[in-house]
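Observations on the model geometry
Each chain is listed here by its residues.
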Amino acid sequence: MQRLIISVLTVALTGCSTFGLIENDPITKTNTANGYSMTKLLRGGTSDNALALAFSGGGTRAAALSYGVLKALRDTPVKSGGKNIRLLDEVDSISSVSGGSFTAAYYGLYGDNTFLSFEKAFLRRNVSGGVKKTLLNPTNWFDERGLSELTVDLYQEQVFHYATFADMLRPDAPLIMINASDLSKGVRFSFVQEYFDLLCSDLSTFPVARAVAASAAVPVVFDPIVLKNYDSCKADGPSWLKGVMERSKNEAELEYTIKGLNSYSNKKGHKYAHFVDGGITDNLGLRAIYDVLELGGGAKKTAEILKLNPVKRFVIISVDAAATPLNTMDKSNVHPSILETMNATSDVQLKRYNVSTIDIMKQSILRWSAQLSTPQQKVEPYFIQLNFAQIQNTKTRAALNEIPTTFNLPDSQVDLLIKAGEDLLFDNPEYKRLMADIKASK
């Protein structure tokens with residue numbers, strides 16, 4: 001990965017200007033009811049549980065760990081709404097960034113077929129090698145589209161097979177929220193129609209591979225994925241955004257989000273949006289869940305807007321693939337390299353921000369569950385955090401923490417990560433509490 005980054009930087013610094021390919025189509029009228037939207041996909045059913053997953057960034061390491069969690073959920077039988085199902089069938093939504101977006105998007109497209117083909121299609125494929133081969137091909141050095149566009153081609157051909165978001169509108173499929181960061185405004189952007197309405201654009205025709213590429217586009221290494229901000233629909237923006245502006249004035253986090261999203265109404269000044277790695281604004285994928293509920297006016301108000309049926313349990317599972325390798329920098333007075341300094345700086349920032357995110361989610365899920373509760377039915381909250389620090393075996397934990405952030409891992413490491421995802425869920429105390437509660441309520 002280090003050699004790839006150096007090669008990319010060399011070409012980027014010596015090459016010509018590149019331009020993002022525009023592939024988002026305009027709309028003249030917003031229509032979330034029929035598009036790939038929260039309005040359409042988060043429908044009320046007969047389930048006892050509201051279950052959301054959050055997949056972090058971390059290259060193939062994150063993709064494999066989250067895949068292991070999906071397998072564990074598939075292998076967990078439960079009874080809900082009077083039916084015998086799998087806990088995987090209870091998943092309403094998956095929010096993802098960067099490496100985790102590959103797993104989330106693939107599952108959104110192919111459902112249970114993911115367990116038959118995802119390992120070969122992505123986890124055990126040398127994606128980094130494919131990118132490097134593309135980069136080092138002299139015919140691509142002066143391609144005006146840039147490296148990210150060439151990478152999109154690779155993802156299209158080898159992983160997502162030219163699927164669009166319309167292909168994810170499968171019966172009973174969960175909502176997949178692939179998240180990226182707007183490079184100029186610093187705002188989180190989720191690839192759902194509610195957000196595409198801000199751009200006066202149609203998400204249903206947008207390539208899934210392009211959204212995943214945006215979610216995983218590490219700045220400097222990769223060019224941003226560019227979308228056009230059209231002025232073909234109502235200039236004053238959607239009603240849901242206007243409705244939350246007044247409420248956000250005394251909430252700094254929400255106010256900052258609203259300010260960023262409202263910038264898309266400036267069609268002349270914000271003519272294009274440049275999207276990069278979602279991990280910049282939230283490497284856990286959790287804050288997109290927070291945004292949805294808070295922008296909707298809280299859990300109760302959001303449930304009313306989306307016409308969701310009451311539930312007994314509100315569950316969020318955070319799959320965090322962050323690694324903590326052994327620190328060799330402090331063992332020598334040799335100055336760290338530029339790359340080591342960049343990695344250490346970003347690592348510190350991410351970890352401190354992740355701590356803040358976890359604290360916010362712990363407090364919020366208690367508040368949201370209380371909002372959803374009624375005198376007749378208390379909604380029980382479950383915030384299930386999965387990370388490498390929870391691995392009990394010292395050697396296994398050390399091995400997991402030394403797995404690099406790359407898109408090319410040996411089969412042995414992929415196997416280790418998949419099993420870790422399964423074991424982390426099955427051994428988690430909060431998960432065990434959830435299962436005991438479900439069994440007790442039969």
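Here, the structure is the one placed above.
Overview of the structure. The structure presented is a predicted model; accordingly, all values stated were derived computationally and were not measured. (Residues numbered from 1 in each chain as written. Predicted model: local features only at pLDDT ≥ 70, side-chain atom pairs only at ≥ 80, totals over all residues. Heavy atoms only, no water.)

1. Notes on the overall build of the protein
Scanning the protein from terminus to terminus reveals 17 helices and twelve strands. Expressed as a percentage of its 442 residues, the buried residues of the protein come to 52%. Residue pairs in contact within the protein that sit at least 24 positions apart in sequence constitute 81% of those at least 6 positions apart. Of the accessible surface of the protein, which amounts to about 20200 Å², a share of 54% is contributed by carbon and sulfur atoms. (Helix = DSSP H or I, 4+ residues; strand = E, 2+ residues; numbered from the N terminus. Buried < 20%, exposed > 50% of the residue type's maximum accessible area, 1.4 Å probe, protein only. Contact = heavy atoms within 4.5 Å. Areas by Shrake-Rupley, 256 points an atom, 1.4 Å probe, with all protein chains shown as cover.)

2. Overview of the pairing of strand β10 (residues 272-277)
Across three bridges, strand β6 (residues 175-182) lies against β10 in antiparallel orientation. Residue Ala-180 lies in a different strand from β10, and its bridge partner there is Asp-277. Sheet analysis places strand β9 (residues 225-228) next to β10, joined by four bridges and oriented antiparallel. Counted as the bridge partner of Val-226 is His-274 from β10. (Pairing = 2+ DSSP bridges.)

3. Examining the state of the cysteines
All told, the structure shown has one disulfide when counted by the stated rule. One disulfide in the model links Cys-200 with Cys-233; its S-S distance is 1.9 Å. Sign of the S-S torsion, about -80° for the bond between Cys-200 and Cys-233, identifies this disulfide as left-handed. Of this pair, Cys-200 sits in the loop between α8 (193-196) and β8 (201-202) while Cys-233 sits in the loop between β9 and α10 (239-245); the two residues are 33 residues apart in sequence, bridging distant segments of the chain. (Disulfide = S-S within 2.5 Å.)

4. Some words on the nonpolar core
Considering soluble globular proteins, one finds that nonpolar side chains tend to be buried as a cluster. Grouped together as the largest cluster of nonpolar side chains are 118 residues, with contacts concentrated most on Phe-160, Phe-165, Phe-191, Ile-316 and Ile-317. Sort the elements by how many residues they give to this core and helix α3 (residues 59-74) lands first, with nine residues. Discounting residues that sit within four places of it in the chain, Phe-191 has contacts with Tyr-36, Phe-165, Ile-176, Ile-178, Ala-180, Phe-196, Leu-203, Phe-206, Ala-211, Ala-214 and Leu-227. (Core = buried A, V, L, I, M, F, W, Y, C linked by side-chain atoms within 4.5 Å.)

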